Each structure stands twice: as structure tokens, then as C-alpha cells.
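# Observations on chain architecture
Next come the chains, spelled out residue by residue.
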Amino acid sequence: MAELPTHTIAAEALTRLVADIFVRAGTSAEEGAHIAHHLVSSNLTGHDSHGVIRVPRYVLNLQQGDVFAGQTITVAVEGPTHAVIDGNGGFGQTIGPLAVDYGIAKAQAAGLCVVALRNSGHIGRIGDWGERAAAAGLVSIHFVNVRMGQIVAPFGGVDRRFSTNPFCVGIPGDPPLLLDFATSIVAEGKVLVASNGGKPLPEGALIDPDGDLSTDPQTLYGTLTQNGPRDPGNGQGAIRAFGDHKGSGIAFMCEILAGVLTGGGTSGPIPPATTRRRVTNGMLSIYLSPDHFGAQHFVAEARAYADYVKSSRPAHAGGEVLVPGEPEARTRADRLAHGIPLQLDTWASIVSTARELGISV
Ligand code: NAD
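Quick look at the structure, then. (Residues numbered from 1 in each chain as written. Predicted model: local features only at pLDDT ≥ 70, side-chain atom pairs only at ≥ 80, totals over all residues. Heavy atoms only, no water.)

The next point concerns the side chain of His142. In this structure, His142 sits in strand E5 (residues 139–147). In this structure the side chain of His142 is engaged in a polar contact, spanning 2.9 Å, whose partner is the side chain of Ser285. Sequence-distant contacts of His142, that is, excluding residues within four places in its chain, are made with Ile126, Trp129, Gly130, Pro166, Phe167, Cys168, Met283, Leu284, Ser285 and Tyr287. (Helix = DSSP H or I, 4+ residues; strand = E, 2+ residues; numbered from the N terminus. Polar contact = N/O pair within 3.5 Å; in protein donor to acceptor, adjacent residues only side chain to side chain. Contact = heavy atoms within 4.5 Å.)

With that settled, consider unusual backbone geometry. Across the chain, the bulk of peptide bonds are trans and the bulk of non-glycine residues have phi less than zero. With an omega dihedral of 0°, the bond running from Asp174 to Pro175 counts as a cis peptide bond. The topology assignment puts Pro175 in the loop between strand E7 (167–171) and strand E8 (177–181). Residue Pro269 is bonded to the preceding Gly268 through a cis peptide linkage, with omega at 0°. The residue Pro269 is located in the loop between helix H8 (244–261) and strand E12 (280–288) in this model. Even without a glycine there, the phi angle at Asn88 is positive, about 50°. Looking at the secondary structure, you find Asn88 in the loop between strand E3 (82–86) and helix H4 (92–110). Within the chain, Met148 stands out as a residue other than glycine whose phi angle is a positive 60°. Take Met148: its relative accessible area is 13%, and that puts it in the buried class. (Buried < 20%, exposed > 50% of the residue type's maximum accessible area, 1.4 Å probe, protein only.)

Applying the stated rule across the entire model yields zero disulfides. The thiol of Cys113 is unpaired, and the distance to the nearest cysteine sulfur, on Cys168, comes to 16 Å. The thiol of Cys168 is unpaired, and the distance to the nearest cysteine sulfur, on Cys254, comes to 11 Å. What makes Cys168 buried here is its relative accessible area of 0%. (Disulfide = S-S within 2.5 Å.)

This part covers the site of the ligand. In the neighbourhood of the ligand, 22 residues make up the surrounding shell, with Asp180, Ala182, Lys190, Gly325 and Glu328 lying closest. Leu178 is positioned with one of its backbone polar atoms (N or O) 2.9 Å from an oxygen atom of the ligand. Between the ligand and Asn281 there is a distance of 3.1 Å, counted from an oxygen atom to a side-chain nitrogen or oxygen. Summarising the interface, the protein chains cover 78% of the accessible area of the ligand, which totals 870 Å² for the free molecule. Counting residues per element, the ones that place at least two in the shell around the ligand are E8 and helix H10 (326–338). Class assignment of the residues belonging to the shell around the ligand gives a composition of eleven nonpolar, seven polar and four charged. (Near = heavy atom within 4 Å. Areas by Shrake-Rupley, 256 points an atom, 1.4 Å probe, with all protein chains shown as cover. Nonpolar A, V, L, I, M, F, W, Y, C, P; charged D, E, K, R; others polar.)

Within this structure, the stated rule accounts for 15 salt bridges. The salt bridge partner of Asp180 is Arg125, with a shortest N-O separation of 3.9 Å. Of this pair, Asp180 sits in strand E8 while Arg125 sits in the loop between strand E4 (112–120) and helix H5 (127–135), and the two are 55 residues apart along the sequence. Of the two residues examined, Asp180 and Arg125, each falls in the buried class. Put simply, Arg332 and Glu131 hold a salt bridge, and the shortest N to O gap is 3.8 Å. Of this pair, Arg332 sits in helix H10 while Glu131 sits in helix H5, and the two are 201 residues apart along the sequence. A relative accessible area of 25% means that Arg332 is categorised as partly exposed. (Salt bridge = Lys/Arg side-chain N within 4 Å of Asp/Glu carboxyl O.)

In this section: helix H6 (residues 188–195). Taking burial as the measure, the eight residues of H6 include seven buried ones, the bulk of the element. Among all positions of H6, only Glu188, Gly189, Val191, Leu192, Val193, Ala194 and Ser195 are buried. Looking at the buried side of H6, the elements it contacts are helix H3 (55–63), strand E9 (206–207), helix H7 (218–221), strand E11 (238–240) and strand E13 (340–343).

Take the pairing of E7 next. For E7, a buried count of four out of five residues is recorded, marking the element as mostly surrounded by other parts of the structure. Where E5 meets E7, four bridges bridge the pair, whose relative direction is antiparallel. Counted as the bridge partner of Ser140 is Gly170 from E7. In terms of strand pairing, E7 meets E8 through five bridges, oriented antiparallel. Note that in E8 the partner of Cys168 across the bridge is Asp180. (Pairing = 2+ DSSP bridges.)

In short, shape yes, function no, at least from these values alone.
Shown next, in the form of C-alpha cells:
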């Protein structure tokens, strides 16, 4: 599928529209603003898969009672350097900041903290949480899974056994060094983007039940109609885990740490009688304060090492070595200056959701 033309909109205007949509759908003004901020932030960093393309699905989740407005966190277990936090099924854009700030405060006091978050609504781009900890001067490591969200085949298999299980490491700096990726060849949102005429999937991203590789979003979603729902429940195939046995192994450990250790639950098995799934994110986060480790010049030394890595001669003429977080920082600067390009189908589905809620766009 070729890439289609886009509608470009300024970040500020898009944030206002998305906030209005959620307020009309039933959130408070504050919660609507949080959701809009984080979705647009994902678009700003270039991760359209976790941006405003999610608006219709989030609104539907709220209307169907699969995510709840106005929730806060409950601390289920606590010690000086750890906590188990329940997100009570609230919006990830409300629960995420509360859980992350909890871990940040403890790590700033004790030097480190491990937070096991369970039962949160979709927490979106995990880089937001790495960036939040980095802004507070902390290193952070995040293992994430999606309860009842199995759509990824393990290395050597064809059946869905993992969710897209993102892994993230954030290092303070300006911009922060930020590694943040799904452990599947592509995040599910990238299949969503491709199904709307956006960036095509890379070779071998999907696998069908017979073991044949595919780049066709219908392998995951079943037969597609324009503006129709994109539900992995309608398809038979799976996304493949990245990096052969190594990537598949990280995905496996995300399930154990974010699903089993947090108590939030793994991506599967899904009981055969299940007709509706309330999908939630689990996240095991480790926060470290460099000062407590005696690393007084940590930020400058990490930056110096990043510059050394970047000084490698490029493999191809005109190429460049980038460090994690650099593409996102560049895209953010560009999109803040020139607006956010949205696929026309994505824009149409947001406008249609807004109109259904009585907002004229
Ligand atoms: P991706 O494949 O675009 O990889 C992004 C990472 O690679 C970033 O750290 C980036 O800085 C780095 N990077 C990219 N190009 C680079 C280059 N040329 N040189 C050096 N580093 C480079 O990311 P993805 O797997 O598509 O994930 C997209 C987003 O989806 C992530 O933000 C992730 O957190 C999110 N996600 C969330 C969930 C959830 O359940 N909440 C699930 C899956 C994915």
C-alpha cells in the first residue's frame, strides 16, 4: 500500500480539539487535557501509532465501560524502595503520571525505587514516562505488557502469545537519551496506521496461521472496510516478535515482569468464552538517582559518550549515526514548527467522532 496524502494541523489546535472530544465524552476538563497532551505528544515525537489516531478507540472504550474516567491510583503494597500500584482501570494518561511521580519521589529520597503498576488503561507511548523521569534527573527502565492483549507470535511460532510489550530506558539530558520500542517488529498502532493508508509495514512484520510472512494489515484485522473498525479479534494472523530469539526473549520477560510480578495479568491465554476484553497495561518501572550512585557528572559523561558513538563514520555516504531519542527530538522540533501531518482517514475518523459528540470542526 502506498503512503497517502495528509492533513496538517498545528499541535495546539489539535490538542484543544482532542481535549474537547474527551470532555464531551465524559471526562473532566483536567483529564481531557491530560489525554490530549499525551496523545499529541506522541504525534509530535513521530509515533503516530500512539497519537490521536487512538481518539475514536479511546472514546469507544469509555462509552463501553472498558476504561473509566476520574480514577486515581491505589497503593496496594509499599516499602521504602518499592510499591505496587493499582490503576483502577483509569485512563493511562491520568494513571501514568501519578504512578511515575510516585516512583520519582521515592527514588529521589532513597536512591532507587521499583514501581509495579497494574490495571491501568492504555498508557500510550512509554517514552513519555522515561522523559518524565529524566526531567526529574532520574534514570528509568520500564517493562510493559498488555493484559488480554496477545497479538504477537513468539520466535519459532505462529500463534499469538505476547502483546507488543514495549521496553524503555530513559537517561537524563537535553534532549534525554531515550530508548523506547515495542518488542514486536512493529507496534500494533503501526499496523493501524498502515491500514489507514499510512506508512507501509516492513517485510516480514506479520505472519499468518500457516506460517507465511505478510505485510497486509488484513492478516491482523481480517477484511478491511474504509473507516470500519480495526479489531485484531477479527483477524487470524499475528505480528512477529523482533530480533529473532533475543527480541522474543525480551518480550517474554516483559510479560513475566509487567504481567506476572505486578499481578496485572499476562497477554494470554484468553478464555474461549470471552466476548469482550477489557485491555489494560501493566508496567514494571525501575527508577535510579545517579547522585545516590556517586555519579555526580553522569549527565555530562553520558552525553560525551553519546557524542563519541555519533562520531562513528557512517556506513553509507551521506548517512549519520543517531543515538536513541534523537529522532524523536528532531521530529518534535519540526512538527512544533510546521504542524502535525495526519493521514486523511485518521483525520476523518477524529472529525466523525467529534461530530457524533456534537462538536463542529
Ligand atoms: P521504533 O521502532 O520507532 O523505535 C523507536 C526507538 O528507536 C526510539 O528509542 C528511537 O530513538 C530509536 N531509533 C529510531 N531510529 C533510530 C536510528 N536511526 N538510530 C538510533 N536510534 C533510533 O518504535 P516502535 O517499536 O514502533 O514503538 C513505537 C511506540 O509504541 C513506542 O513509543 C512504544 O512505547 C509504544 N508502544 C506502546 C505500547 C503500549 O501498550 N502502551 C505497546 C507497544 C508500543
